[in-house]
Amino acid sequence: GVEGGFRLAVDRSFSLKGVGTVVTGTVFSGSVQVGDELTISPSGQTARLRSLHVMNQAAHTGGAGQRCALNLGGVGKDEVQRGDWIVTHRLHAPSARFDVRLTLSSHASQALQHWAPVHFHLGAAHVMARVALLEGESLVPGGSALAQLVTDSPIGVLHGDVFIVRDSAARLTIGGGQVLDPGGPARKRKTPQRLAELAALQIHDTAQRLDRLLELSPYGLNLDSLAVNWNRESLAGDLPLDSKIVHASHESWAFSGQHWRSLQAKLIADMDGFHQQFPDELGPDAGRARRMFMPRLANAAFNALIEGALAEHALQRSGSWLHLPTHRITLNPMEEALYLRIRPWLETIAPDSPWVRDLAR
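Residues numbered from 1 in each chain as written. Predicted model: local features only at pLDDT ≥ 70, side-chain atom pairs only at ≥ 80, totals over all residues. Heavy atoms only, no water.

*Asks:* How do you make sense of helix α2 (residues 206-215) when you look at a structure like this?
*Replies:* Counting along an α-helix, one turn takes 3.6 residues, and residues three or four places apart therefore face a common direction. Those residues of α2 that sit buried are T206, R209, L210, L213 and L214. End-on, the buried residues of α2 take up no more than an arc of 135 degrees, which puts them together on one face. Looking at the packing, one finds that the buried side of α2 touches α1 (192-201), β18 (221-222), α3 (223-229), β20 (252-255) and α4 (257-277). Its side-chain oxygen placed 3.3 Å from the backbone nitrogen of A207, D205 serves as the N-cap of α2. (Buried < 20%, exposed > 50% of the residue type's maximum accessible area, 1.4 Å probe, protein only. Helix = DSSP H or I, 4+ residues; strand = E, 2+ residues; numbered from the N terminus. Arc of directions from axis to C-beta. Contact = heavy atoms within 4.5 Å. Polar contact = N/O pair within 3.5 Å; in protein donor to acceptor, adjacent residues only side chain to side chain.)

This is the structure in C-alpha coordinates:
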(Lines give C-alpha, C1' and ligand atoms only; values in the text may rest on other atoms or scores of the structure.)
Protein backbone atom coordinates (compact mmCIF):
# COMPACT_ATOMS: atom_id res chain seq x y z
CA GLY A 1 0.00 0.00 0.00
CA VAL A 2 0.81 3.70 0.11
CA GLU A 3 2.62 3.62 3.49
CA GLY A 4 5.43 1.25 2.44
CA GLY A 5 8.64 1.91 0.54
CA PHE A 6 8.60 2.31 -3.24
CA ARG A 7 8.30 -0.85 -5.36
CA LEU A 8 7.57 -1.03 -9.07
CA ALA A 9 7.28 -4.31 -11.01
CA VAL A 10 9.03 -3.85 -14.37
CA ASP A 11 7.12 -5.25 -17.36
CA ARG A 12 9.03 -3.49 -20.17
CA SER A 13 12.49 -2.01 -20.61
CA PHE A 14 13.66 -0.10 -23.68
CA SER A 15 15.93 2.71 -24.82
CA LEU A 16 14.77 6.00 -26.34
CA LYS A 17 17.11 8.13 -28.44
CA GLY A 18 18.14 11.22 -26.52
CA VAL A 19 16.39 9.98 -23.36
CA GLY A 20 18.15 6.76 -22.35
CA THR A 21 16.77 3.76 -20.48
CA VAL A 22 13.03 3.71 -19.80
CA VAL A 23 11.14 1.06 -17.82
CA THR A 24 7.38 0.74 -17.47
CA GLY A 25 5.42 -1.06 -14.80
CA THR A 26 2.89 -0.92 -11.98
CA VAL A 27 3.71 0.62 -8.60
CA PHE A 28 2.93 -1.94 -5.87
CA SER A 29 3.65 0.31 -2.89
CA GLY A 30 5.06 3.63 -1.75
CA SER A 31 5.82 6.67 -3.89
CA VAL A 32 8.71 8.04 -5.94
CA GLN A 33 9.80 11.43 -7.19
CA VAL A 34 12.19 12.76 -9.79
CA GLY A 35 15.75 12.77 -8.44
CA ASP A 36 15.30 9.73 -6.17
CA GLU A 37 18.09 7.14 -5.97
CA LEU A 38 16.68 3.66 -6.60
CA THR A 39 17.87 0.05 -6.77
CA ILE A 40 17.18 -2.52 -9.49
CA SER A 41 16.42 -5.81 -7.79
CA PRO A 42 17.58 -8.62 -7.88
CA SER A 43 20.80 -7.33 -9.56
CA GLY A 44 21.42 -4.63 -6.92
CA GLN A 45 22.46 -2.01 -9.49
CA THR A 46 21.60 1.57 -8.50
CA ALA A 47 19.98 4.18 -10.73
CA ARG A 48 18.65 7.75 -10.45
CA LEU A 49 15.16 8.73 -11.53
CA ARG A 50 15.69 11.36 -14.23
CA SER A 51 12.07 11.85 -15.27
CA LEU A 52 8.71 10.22 -14.87
CA HIS A 53 5.44 9.67 -16.72
CA VAL A 54 2.29 8.65 -14.81
CA MET A 55 -0.64 7.36 -16.88
CA ASN A 56 1.11 8.77 -20.01
CA GLN A 57 1.46 12.28 -18.51
CA ALA A 58 4.76 13.87 -17.42
CA ALA A 59 4.80 14.05 -13.62
CA HIS A 60 7.07 14.83 -10.67
CA THR A 61 5.79 12.03 -8.38
CA GLY A 62 4.13 8.62 -8.79
CA GLY A 63 2.59 6.24 -6.27
CA ALA A 64 0.91 2.95 -5.39
CA GLY A 65 -1.56 1.58 -7.94
CA GLN A 66 -0.37 3.76 -10.83
CA ARG A 67 1.13 2.76 -14.18
CA CYS A 68 4.44 4.58 -14.53
CA ALA A 69 7.28 5.00 -17.01
CA LEU A 70 10.61 5.76 -15.34
CA ASN A 71 13.58 7.28 -17.16
CA LEU A 72 16.56 5.84 -15.27
CA GLY A 73 20.03 7.42 -15.29
CA GLY A 74 23.19 5.37 -14.80
CA VAL A 75 21.81 2.10 -16.19
CA GLY A 76 21.74 0.55 -19.66
CA LYS A 77 18.52 -0.98 -21.04
CA ASP A 78 20.14 -4.45 -20.96
CA GLU A 79 20.78 -4.09 -17.21
CA VAL A 80 17.08 -4.02 -16.33
CA GLN A 81 14.44 -6.38 -17.71
CA ARG A 82 10.90 -7.61 -17.37
CA GLY A 83 10.49 -9.32 -13.97
CA ASP A 84 12.89 -6.99 -12.14
CA TRP A 85 11.75 -4.59 -9.43
CA ILE A 86 12.69 -0.93 -9.06
CA VAL A 87 12.76 -0.29 -5.32
CA THR A 88 13.90 2.11 -2.65
CA HIS A 89 17.40 0.95 -1.50
CA ARG A 90 16.31 -0.66 1.78
CA LEU A 91 13.81 -2.98 0.04
CA HIS A 92 16.49 -4.66 -2.08
CA ALA A 93 16.54 -8.14 -0.49
CA PRO A 94 16.14 -10.79 -3.20
CA SER A 95 15.49 -14.39 -2.18
CA ALA A 96 15.48 -17.82 -3.80
CA ARG A 97 13.82 -19.57 -0.85
CA PHE A 98 10.62 -18.28 0.74
CA ASP A 99 7.72 -19.66 2.76
CA VAL A 100 4.16 -19.29 1.48
CA ARG A 101 0.54 -20.26 1.96
CA LEU A 102 -0.26 -22.18 -1.27
CA THR A 103 -3.74 -23.10 -2.55
CA LEU A 104 -4.13 -25.66 -5.34
CA SER A 105 -6.96 -24.90 -7.75
CA SER A 106 -10.00 -27.17 -7.47
CA HIS A 107 -9.73 -27.49 -11.28
CA ALA A 108 -6.19 -28.93 -11.08
CA SER A 109 -6.10 -32.35 -12.78
CA GLN A 110 -4.02 -33.99 -10.05
CA ALA A 111 -2.53 -33.55 -6.59
CA LEU A 112 0.68 -31.54 -6.27
CA GLN A 113 3.55 -33.69 -4.97
CA HIS A 114 6.36 -32.61 -2.66
CA TRP A 115 9.26 -31.08 -4.65
CA ALA A 116 7.16 -30.75 -7.83
CA PRO A 117 8.54 -28.27 -10.42
CA VAL A 118 6.29 -25.31 -11.27
CA HIS A 119 6.38 -22.04 -13.17
CA PHE A 120 6.20 -19.25 -10.61
CA HIS A 121 4.78 -15.79 -11.43
CA LEU A 122 4.93 -12.75 -9.12
CA GLY A 123 4.58 -9.15 -10.30
CA ALA A 124 6.01 -9.49 -13.81
CA ALA A 125 8.64 -12.04 -12.75
CA HIS A 126 8.58 -15.59 -14.08
CA VAL A 127 10.99 -18.24 -12.76
CA MET A 128 11.08 -22.01 -12.36
CA ALA A 129 10.61 -23.21 -8.78
CA ARG A 130 10.30 -26.36 -6.69
CA VAL A 131 7.51 -26.72 -4.15
CA ALA A 132 8.60 -28.12 -0.77
CA LEU A 133 5.37 -28.97 1.04
CA LEU A 134 5.59 -28.33 4.78
CA GLU A 135 2.37 -30.19 5.72
CA GLY A 136 2.15 -33.68 4.20
CA GLU A 137 3.68 -35.11 1.02
CA SER A 138 0.98 -33.99 -1.45
CA LEU A 139 -1.63 -31.25 -1.85
CA VAL A 140 -5.03 -32.24 -3.24
CA PRO A 141 -6.98 -30.06 -5.73
CA GLY A 142 -8.88 -27.38 -3.79
CA GLY A 143 -6.58 -27.83 -0.77
CA SER A 144 -4.35 -25.29 0.91
CA ALA A 145 -1.05 -25.80 2.74
CA LEU A 146 2.09 -24.15 4.00
CA ALA A 147 4.98 -24.62 1.56
CA GLN A 148 8.47 -23.39 0.78
CA LEU A 149 9.27 -22.34 -2.77
CA VAL A 150 12.84 -22.74 -3.96
CA THR A 151 13.46 -20.79 -7.18
CA ASP A 152 16.13 -21.28 -9.84
CA SER A 153 17.31 -17.70 -9.38
CA PRO A 154 16.71 -15.03 -6.70
CA ILE A 155 13.76 -12.68 -7.16
CA GLY A 156 12.28 -9.77 -5.23
CA VAL A 157 9.61 -11.02 -2.80
CA LEU A 158 8.12 -9.48 0.33
CA HIS A 159 5.58 -10.59 2.92
CA GLY A 160 2.03 -10.38 1.58
CA ASP A 161 2.97 -10.61 -2.13
CA VAL A 162 0.44 -12.59 -4.15
CA PHE A 163 1.63 -15.11 -6.78
CA ILE A 164 0.34 -17.77 -9.17
CA VAL A 165 1.89 -21.11 -10.17
CA ARG A 166 1.49 -22.99 -13.44
CA ASP A 167 2.24 -26.64 -14.20
CA SER A 168 5.73 -27.74 -15.28
CA ALA A 169 4.76 -27.47 -18.98
CA ALA A 170 3.38 -23.93 -18.36
CA ARG A 171 0.04 -24.94 -19.95
CA LEU A 172 -2.29 -24.52 -16.97
CA THR A 173 -2.58 -22.22 -13.97
CA ILE A 174 -2.80 -24.74 -11.13
CA GLY A 175 -2.83 -22.53 -8.06
CA GLY A 176 -1.56 -19.49 -6.21
CA GLY A 177 -1.01 -18.00 -2.82
CA GLN A 178 0.67 -15.44 -0.66
CA VAL A 179 4.27 -14.98 0.52
CA LEU A 180 4.62 -15.26 4.32
CA ASP A 181 8.38 -15.12 4.91
CA PRO A 182 10.77 -13.95 2.16
CA GLY A 183 13.71 -15.54 4.03
CA GLY A 184 12.69 -19.18 4.45
CA PRO A 185 15.14 -21.39 6.37
CA ALA A 186 16.94 -24.19 4.48
CA ARG A 187 16.90 -26.45 7.56
CA LYS A 188 14.28 -27.21 10.22
CA ARG A 189 11.56 -25.82 7.97
CA LYS A 190 8.89 -28.27 9.22
CA THR A 191 9.44 -28.17 12.99
CA PRO A 192 6.43 -27.38 15.23
CA GLN A 193 8.19 -24.12 16.18
CA ARG A 194 8.56 -23.09 12.53
CA LEU A 195 4.97 -24.03 11.63
CA ALA A 196 3.77 -21.95 14.60
CA GLU A 197 5.80 -18.96 13.30
CA LEU A 198 4.25 -19.38 9.83
CA ALA A 199 0.78 -19.51 11.42
CA ALA A 200 1.60 -16.23 13.21
CA LEU A 201 2.76 -14.66 9.91
CA GLN A 202 -0.75 -15.22 8.51
CA ILE A 203 -2.33 -12.91 11.14
CA HIS A 204 -3.59 -9.88 9.21
CA ASP A 205 -3.21 -7.21 11.93
CA THR A 206 0.45 -6.09 12.20
CA ALA A 207 0.44 -5.48 15.98
CA GLN A 208 -1.20 -8.85 16.72
CA ARG A 209 1.18 -10.61 14.29
CA LEU A 210 4.17 -9.01 16.00
CA ASP A 211 2.84 -9.85 19.47
CA ARG A 212 2.44 -13.54 18.56
CA LEU A 213 5.91 -13.72 16.94
CA LEU A 214 7.48 -12.18 20.06
CA GLU A 215 5.79 -14.89 22.17
CA LEU A 216 7.38 -17.51 19.88
CA SER A 217 10.87 -15.91 19.93
CA PRO A 218 12.81 -16.39 23.20
CA TYR A 219 15.91 -14.92 21.50
CA GLY A 220 14.07 -11.88 20.14
CA LEU A 221 13.17 -10.54 16.71
CA ASN A 222 15.38 -8.47 14.43
CA LEU A 223 13.08 -5.47 13.87
CA ASP A 224 15.10 -4.15 10.92
CA SER A 225 14.95 -7.27 8.74
CA LEU A 226 11.29 -7.72 9.73
CA ALA A 227 10.47 -4.13 8.70
CA VAL A 228 12.07 -4.81 5.29
CA ASN A 229 10.20 -8.13 4.90
CA TRP A 230 6.89 -6.46 5.77
CA ASN A 231 7.69 -3.25 3.83
CA ARG A 232 7.24 -0.98 6.84
CA GLU A 233 9.34 2.06 7.70
CA SER A 234 9.47 0.99 11.37
CA LEU A 235 7.71 -1.53 13.60
CA ALA A 236 8.44 0.20 16.92
CA GLY A 237 4.92 1.65 17.08
CA ASP A 238 3.33 -1.81 16.76
CA LEU A 239 5.19 -3.40 19.69
CA PRO A 240 3.36 -4.44 22.89
CA LEU A 241 3.83 -2.00 25.81
CA ASP A 242 5.98 -4.30 27.98
CA SER A 243 8.39 -5.29 25.21
CA LYS A 244 12.12 -4.56 25.45
CA ILE A 245 13.94 -2.92 22.50
CA VAL A 246 17.72 -3.18 22.18
CA HIS A 247 19.48 -0.79 19.78
CA ALA A 248 22.99 -1.51 18.50
CA SER A 249 24.96 0.33 15.82
CA HIS A 250 23.12 -1.13 12.82
CA GLU A 251 20.30 -3.18 14.27
CA SER A 252 17.35 -3.17 16.64
CA TRP A 253 16.06 -6.24 18.45
CA ALA A 254 12.74 -6.64 20.26
CA PHE A 255 11.84 -9.07 23.07
CA SER A 256 8.61 -9.74 24.88
CA GLY A 257 8.83 -8.55 28.49
CA GLN A 258 8.48 -12.15 29.69
CA HIS A 259 11.31 -13.48 27.49
CA TRP A 260 13.63 -10.61 28.49
CA ARG A 261 13.04 -11.33 32.20
CA SER A 262 13.75 -15.04 31.56
CA LEU A 263 17.05 -14.15 29.84
CA GLN A 264 18.02 -11.93 32.79
CA ALA A 265 17.36 -14.80 35.22
CA LYS A 266 19.21 -17.28 32.99
CA LEU A 267 22.29 -15.02 32.86
CA ILE A 268 22.59 -14.97 36.67
CA ALA A 269 21.89 -18.73 36.99
CA ASP A 270 24.48 -19.54 34.29
CA MET A 271 27.04 -17.29 35.96
CA ASP A 272 26.44 -19.10 39.25
CA GLY A 273 26.94 -22.43 37.45
CA PHE A 274 30.21 -21.15 35.95
CA HIS A 275 31.54 -20.21 39.40
CA GLN A 276 30.72 -23.68 40.73
CA GLN A 277 32.42 -25.36 37.77
CA PHE A 278 35.50 -23.08 37.79
CA PRO A 279 35.96 -21.89 41.40
CA ASP A 280 39.59 -20.95 40.73
CA GLU A 281 38.62 -18.44 38.01
CA LEU A 282 37.25 -14.98 38.70
CA GLY A 283 34.80 -15.35 35.80
CA PRO A 284 34.44 -15.35 32.02
CA ASP A 285 34.77 -12.32 29.76
CA ALA A 286 31.63 -11.27 27.84
CA GLY A 287 32.55 -13.15 24.64
CA ARG A 288 33.14 -16.44 26.44
CA ALA A 289 30.00 -15.97 28.55
CA ARG A 290 27.86 -15.51 25.43
CA ARG A 291 29.37 -18.58 23.72
CA MET A 292 28.80 -20.70 26.84
CA PHE A 293 25.41 -19.40 27.99
CA MET A 294 23.46 -17.98 25.01
CA PRO A 295 25.16 -18.60 21.64
CA ARG A 296 21.87 -18.01 19.78
CA LEU A 297 21.34 -14.55 21.26
CA ALA A 298 22.41 -11.57 19.15
CA ASN A 299 25.61 -9.95 20.41
CA ALA A 300 23.89 -6.57 20.90
CA ALA A 301 21.18 -8.15 23.03
CA PHE A 302 23.68 -10.09 25.16
CA ASN A 303 25.66 -6.91 25.80
CA ALA A 304 22.42 -5.14 26.86
CA LEU A 305 21.70 -8.00 29.29
CA ILE A 306 25.19 -7.62 30.80
CA GLU A 307 24.91 -3.82 31.10
CA GLY A 308 21.50 -4.15 32.75
CA ALA A 309 22.81 -6.69 35.29
CA LEU A 310 25.84 -4.47 36.05
CA ALA A 311 23.60 -1.43 36.57
CA GLU A 312 21.44 -3.40 39.01
CA HIS A 313 24.57 -4.73 40.80
CA ALA A 314 23.45 -8.29 40.08
CA LEU A 315 26.77 -8.72 38.28
CA GLN A 316 30.24 -7.20 38.70
CA ARG A 317 33.05 -6.57 36.24
CA SER A 318 36.70 -6.75 37.33
CA GLY A 319 38.91 -5.81 34.39
CA SER A 320 37.28 -7.72 31.56
CA TRP A 321 36.04 -10.55 33.82
CA LEU A 322 32.38 -10.84 34.77
CA HIS A 323 31.37 -12.41 38.08
CA LEU A 324 28.65 -12.45 40.71
CA PRO A 325 29.27 -9.91 43.52
CA THR A 326 29.50 -12.77 46.04
CA HIS A 327 32.14 -14.78 44.13
CA ARG A 328 35.76 -14.95 45.24
CA ILE A 329 38.47 -17.19 43.82
CA THR A 330 38.82 -20.25 46.07
CA LEU A 331 41.32 -23.11 46.18
CA ASN A 332 40.42 -26.74 46.76
CA PRO A 333 42.11 -28.52 49.76
CA MET A 334 44.97 -29.91 47.60
CA GLU A 335 45.66 -26.52 46.04
CA GLU A 336 45.48 -24.87 49.47
CA ALA A 337 48.10 -27.34 50.89
CA LEU A 338 50.37 -26.72 47.88
CA TYR A 339 50.02 -22.96 48.33
CA LEU A 340 51.00 -23.21 52.01
CA ARG A 341 54.14 -25.17 51.01
CA ILE A 342 55.36 -22.62 48.45
CA ARG A 343 54.22 -19.52 50.35
CA PRO A 344 57.52 -19.18 52.37
CA TRP A 345 59.46 -19.16 49.07
CA LEU A 346 57.23 -16.40 47.73
CA GLU A 347 57.68 -14.35 50.91
CA THR A 348 61.47 -14.47 51.00
CA ILE A 349 62.72 -11.07 49.90
CA ALA A 350 65.19 -12.11 47.22
CA PRO A 351 66.54 -9.85 44.47
CA ASP A 352 64.49 -11.94 41.96
CA SER A 353 61.16 -13.68 42.38
CA PRO A 354 61.49 -17.52 42.22
CA TRP A 355 61.16 -19.32 38.88
CA VAL A 356 58.03 -21.41 38.42
CA ARG A 357 60.16 -24.41 37.39
CA ASP A 358 62.05 -24.20 40.71
CA LEU A 359 58.78 -24.02 42.62
CA ALA A 360 57.49 -27.02 40.67
CA ARG A 361 60.55 -29.06 41.64
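Following the structure, the description resumes.
*Asks:* Before we go on, may I ask you to explain the sheet that holds strand β13 (residues 125-133) in this structure?
*Replies:* Adjacent strands of a sheet pair through backbone hydrogen bonds, lying either parallel or antiparallel. Here six strands make up a closed barrel; going around it, the order is β10-β15-β13-β12-β16-β17 and the pairing antiparallel. For this sheet, the mean inter-axis angle between neighbouring strands, taken without regard to orientation, is 45 degrees. Two elements, strand β12 (residues 116-122) and β13, share seven bridges in a ladder whose sense is antiparallel. Residue pairing across strands places A116 opposite V131, the latter belonging to β13. Its contacts with the sheet place α1 against β10 (95-104), β15 (144-155) and β17 (173-181), and it is angled at close to 95 degrees to β17. (Pairing = 2+ DSSP bridges. Axes fitted to C-alpha atoms, helices over the stretch in contact; angles between N-to-C directions.)

*Asks:* What should I look at first to understand the environment of F120 in this one?
*Replies:* Checked against the element boundaries, F120 lands in strand β12. What makes F120 buried here is its relative accessible area of 0%. Between the C-alpha atom of F120 and that of F274, which follows or precedes it by 154 residues, the distance is 52 Å. Beyond its immediate chain neighbours, meaning those up to four positions away, F120 contacts F98, A125, H126, V127, A129, L149, I155, F163, I164 and V165.

*Asks:* Help me out: how do you make sense of the nonpolar core in this one?
*Replies:* Nonpolar side chains in soluble globular proteins tend to end up buried together. Counting 30 residues, the largest nonpolar core has F98, V100, L102, L112, F120, V131 and F163 as its most contacted members. Where this core is concerned, the elements lending two or more residues are β9 (85-87), β10, β12, β13, β15, β16 (162-166) and β17. (Core = buried A, V, L, I, M, F, W, Y, C linked by side-chain atoms within 4.5 Å.)

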